[in-house]
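Chain by chain, the residues run as shown.
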Amino acid sequence: MSAVSNSSGGVWAASWRRLKTDRVGMACMAIVGLFLVLVLLAATDRIAANWQQEVGVPNAPPTLLGPQPPEDTGTIAVPKGPNVDLSDIDPLAPRYAEWAERAKAFKTDEAPRAETLPLGGDRLGRDVLAKVIKGAEVSIFVGLAAAVVATLIGTVLGALSGFFGGKLGDFLEWVYNVFTAIPSILLIFAFAAIFSRGITSVVLILALTGWTGIYRLIRAEFMKHRSREYVRSAEAIGASQWSRMFKHILPNVSHVALVQLSLHVVSFIKSEVILSYLGLGVGVDQVSWGTMLAEAQNEMILGYWWQLAAVTALMAIFVTAFALFTDALRDALDPKLRGLE
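The residue count restarts for each chain, going from 1 along the sequence in the order it is written. pLDDT decides what is reported in this predicted model: residues at 70 or higher carry local features, side-chain atom pairs at 80 or more are listed and counted, and totals for whole chains, interfaces and linings draw on all residues regardless. Only hydrogens and water are removed before side-chain values are computed, so all heavy atoms of the structure are retained for them.

## Remarks on the overall build of the protein chain
And step 1. From N to C terminus, the protein chain includes 13 helices and zero strands.
And step 2. Strands are runs of DSSP state E lasting at least two residues, helices are runs of H or I lasting at least four, and both sets are numbered from the N terminus onward. Listed by position from the N terminus, the elements making up the protein chain come as α-α-α-α-α-α-α-α-α-α-α-α-α.
And step 3. When a residue's accessible area, from a 1.4 Å probe over protein chains only, is under 20% of the maximum for its type it is buried; when over 50% it is exposed; and in between it is partly exposed. Expressed as a percentage of the 341 residues in the protein chain, the buried residues total 40%.
And step 4. Accessible area for the protein chain stands at about 19,400 Å²; split by element, carbon and sulfur atoms hold 63% of it. In this description, accessible areas are obtained by the Shrake-Rupley approach with a 1.4 Å probe, and a residue is regarded as covered only by the protein chains that are shown.

Shown next, in the form of structure tokens:
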């Protein structure tokens, strides 16, 4: 057992040394880390807490573009001559002045709105920068949480099927074939029609439709490792089946689950954006990159492009950095690339 643990620790240390030599991978890891810090700050309301407040004028342009020219609202010509006395035809006319004085007591002072915002404003005057940060919190959290749940499901089911086989393996293979026989996008829409809207529902939908690929790889790894010498040695000294599965085999195939988890994060973020864009994702009181894209579609018709540019740029940076980091991580963890197999 100690030999297996030491071997696993050496593998992880060698993988980290290999990863450090990849400059692109390390740079992308730093970018991903910055995004995760941004998400954490947004989740604790340190930043972007006022994303729902209307701090600017409607469709306020970015600061670099300057304020919009004032619109010509036109003027209404005031008729000449004395005011017409309406008391003869409107019995409430004498009370209008009294009611106007009473209304002044309940009048609230509206805070002045900014004519420009750092990345512009939406149709209600909300800050696009605060919205895109809060949207990153929702989209990235959904991607990470769904990937973790899908990885747990796929790893546990793949370990059971690959290690035990028999009727249990046949049943799990049947379940796997049922899920893979249906196109993933149709399966996502089917679950979306069943579950209510919200972050938890989106996480469950993506996890229930994304575990199949992890299951297939983990099952193959367990089938390969269950007959190896170190597993038979553990069986000979009295290790239980669960101990052999999760204390001996799992540490040696964990790199497969880790790489698949990182790959699924990007895929699930894209899926969440699509669901929210179509109105099947997060609730109406929340914001994500998908809901921002849906709003920006209507604003683009009127020439207000800054919300679309902001969410597209931030999403492209994170997805690209995470994908490149995943490639570097896969190169560092793959035993074949390390020359160990």
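There's more to say after this.
## Points about the packing of helix H4 (residues 128–164) against helix H7 (residues 199–210)
And step 1. Helix axes use the C-alpha atoms of the stretch in contact, all axes being lines fitted to C-alpha atoms, and the angles between their N-to-C directions lie in the range 0 to 180 degrees. Packing of H4 against H7 leaves a shortest axis separation of 8 Å and a crossing angle of 40°. By the angle class used here, H4 and H7 are oblique. Crossing of H4 over H7 shows right-handed handedness. Seen from H4, the contacting residues are Val 138, Phe 141, Val 142, Ala 145, Ala 146, Val 149, Ala 150 and Ile 153; seen from H7, they are Ile 199, Val 202, Val 203, Leu 206, Ala 207 and Gly 210. Small angles under 35 degrees read as roughly parallel and large ones over 145 as roughly antiparallel, with 65 to 115 read as roughly perpendicular and the rest as oblique. Each helix crossing is assigned a hand: it is left-handed if the near helix lies turned anticlockwise from the far helix by less than a right angle, otherwise right-handed if that turn is clockwise. Contacts are assigned to residue pairs that have any heavy atoms within 4.5 Å of one another.

## A look at the packing of aromatic side chains
How two aromatic rings sit relative to each other is set out by the distance from centre to centre and by the angle between their planes.
And step 1. Only the six-membered ring of Trp is used, alongside the rings of Phe and Tyr, when aromatic pairs are assigned; centres must lie within 6.5 Å, and planes under 30 degrees apart are stacked while those over 60 apart are edge-to-face, with the rest tilted. In total, this model carries 13 aromatic pairs according to the counting rule given.
And step 2. Through successive ring pairs, a cluster of aromatic residues spans Phe 35, Phe 318, Phe 322 and Phe 325.

## Points about the side chain of Ser 276
And step 1. Along the chain, the position of Ser 276 falls in helix H10 (residues 241–277).
And step 2. Polar contact criterion, stated in full: a pair of N or O atoms within 3.5 Å, where within protein one must be able to donate a hydrogen and the other to accept it, and residues adjacent in sequence count only if both atoms are side-chain atoms. Among the polar contacts made by the side chain of Ser 276, one reaches the side chain of Ser 288 at a distance of 3.3 Å.
And step 3. Those residues in contact with Ser 276, other than ones at most four positions away along the chain, are Gly 281, Val 282, Ser 288, Gly 290 and Thr 291.

## Looking at the confidence of the model for the protein chain
And step 1. In this model, the protein chain carries an average pLDDT of 84, and 87% of its residues clear a pLDDT of 70 or more.
And step 2. Predicted confidence is poor over residues 1–6, with pLDDT under 50, and the contacts of this stretch with residues over four places away or in other chains come to six contacts. One confidence number per residue, pLDDT, is output by the predictor and ranges from 0 to 100.

## Structural notes on the nonpolar core
And step 1. Val 132, Ile 140, Leu 206, Trp 289 and Phe 318 are the most contacted members of the largest nonpolar core, which has 53 residues in total.
And step 2. Secondary-structure elements contributing two or more residues to this core are helix H2 (23–43), H4, helix H6 (184–194), H7, H10, helix H11 (289–301) and helix H12 (306–333).
And step 3. Setting aside residues up to four positions removed in sequence, Ile 140 forms contacts with Phe 35, Leu 36, Val 39, Ile 269, Trp 289 and Phe 318.
And step 4. Formed by 17 residues, the second largest nonpolar core is a distinct cluster that contains Leu 160, Leu 172, Val 231 and Val 253. The set of buried Ala, Val, Leu, Ile, Met, Phe, Trp, Tyr and Cys residues whose side-chain atoms join them within 4.5 Å is what this entry labels a nonpolar core.

## Describing the environment of Leu 206
And step 1. Assignment of secondary structure puts Leu 206 in helix H7.
And step 2. Given the relative accessible area of 0%, Leu 206 is considered buried.
And step 3. For Leu 206 and Ala 146, which are 60 residues apart along the polypeptide, the C-alpha to C-alpha distance reads 5.9 Å.
And step 4. Sequence-distant contacts of Leu 206, that is, excluding residues within four places in its chain, are made with Val 142, Ala 146, Ile 188, Phe 268, Ser 271, Glu 272 and Leu 275.

## Considerations on the side chain of Ser 288
And step 1. Here Ser 288 lies in the loop between H10 and H11.
And step 2. For Ser 288, a relative accessible area of 0% gives the class buried.
And step 3. Residues in contact with Ser 288, not counting those within four places in the same chain, are Gly 135, Val 138, Ser 139, Glu 272, Ser 276 and Val 282.

## Description of the pattern of salt bridges
And step 1. Salt bridges are defined by distance alone: a side-chain nitrogen of Lys or Arg within 4 Å of a carboxyl oxygen of Asp or Glu. Throughout the structure, instances matching the rule amount to 12 salt bridges.
And step 2. Taking the shortest distance from any N to any O, the salt bridge between Arg 219 and Glu 173 comes out at 3.3 Å. One end of the pair, Arg 219, is in helix H8 (residues 212–225); the other, Glu 173, is in helix H5 (residues 166–181), with 46 residues separating them in the sequence.
And step 3. Note on Arg 219: relative accessible area 23%, which makes it partly exposed.
And step 4. Close ionic contact of Arg 244 with Glu 235 constitutes a salt bridge, the shortest N to O distance being 3.5 Å.
And step 5. Bridged by salt links that share partners, the residues Asp 122, Arg 126, Lys 131 and Glu 295 form one connected network.

## Description of H6
And step 1. Inspection of H6 places Leu 187, Ile 188, Phe 191 and Ala 192 among the buried residues, and these make up the whole buried set. The buried side chains of H6 occupy one side of the element, clustering within an arc of 135° when seen end-on.
And step 2. Looking at the buried residues of H6, the elements they touch are H5, H7 and H10. What the arc covers is the set of directions going from the helix axis to the C-beta atoms.

## Focus: the packing of H4 against H12
And step 1. The contact between H4 and H12 brings their axes to 10 Å, and the two run at 40°. Taken as axis vectors, H4 and H12 run oblique relative to one another. Of the two possible hands of crossing, H4 and H12 adopt the one that is right-handed. Facing H4, whose interface residues are Val 128, Lys 131, Val 132, Ala 136 and Ile 140, H12 presents Trp 306, Gln 307, Ala 310, Val 311, Leu 314 and Phe 318.
And step 2. Note on residue classes: Ala, Val, Leu, Ile, Met, Phe, Trp, Tyr, Cys and Pro are nonpolar, Asp, Glu, Lys and Arg are charged, and everything else, Gly too, is polar. Looking at the contact of H4 with H12 residue by residue, the class counts come to nine nonpolar, one polar and one charged.

## Digging into a nonpolar patch on the surface
And step 1. A patch consists of residues whose relative accessible area exceeds 30% and which take part in no salt bridge; residues with like charges are grouped when within 9 Å of each other, and nonpolar side chains (Val, Leu, Ile, Met, Phe, Trp, Tyr) when within 5 Å. Among the surface-exposed residues, Ile 182, Ile 185, Leu 186, Ile 274, Tyr 277, Leu 278 and Leu 280 lie close enough to one another that they form a single nonpolar patch of about 580 Å² accessible area.
And step 2. Within the residue set of the nonpolar patch, elements represented by two or more residues are H6 and H10.
And step 3. Tracing the backbone shows Ile 274 in helix H10.
And step 4. Take Ile 274: its relative accessible area is 42%, and that puts it in the partly exposed class.

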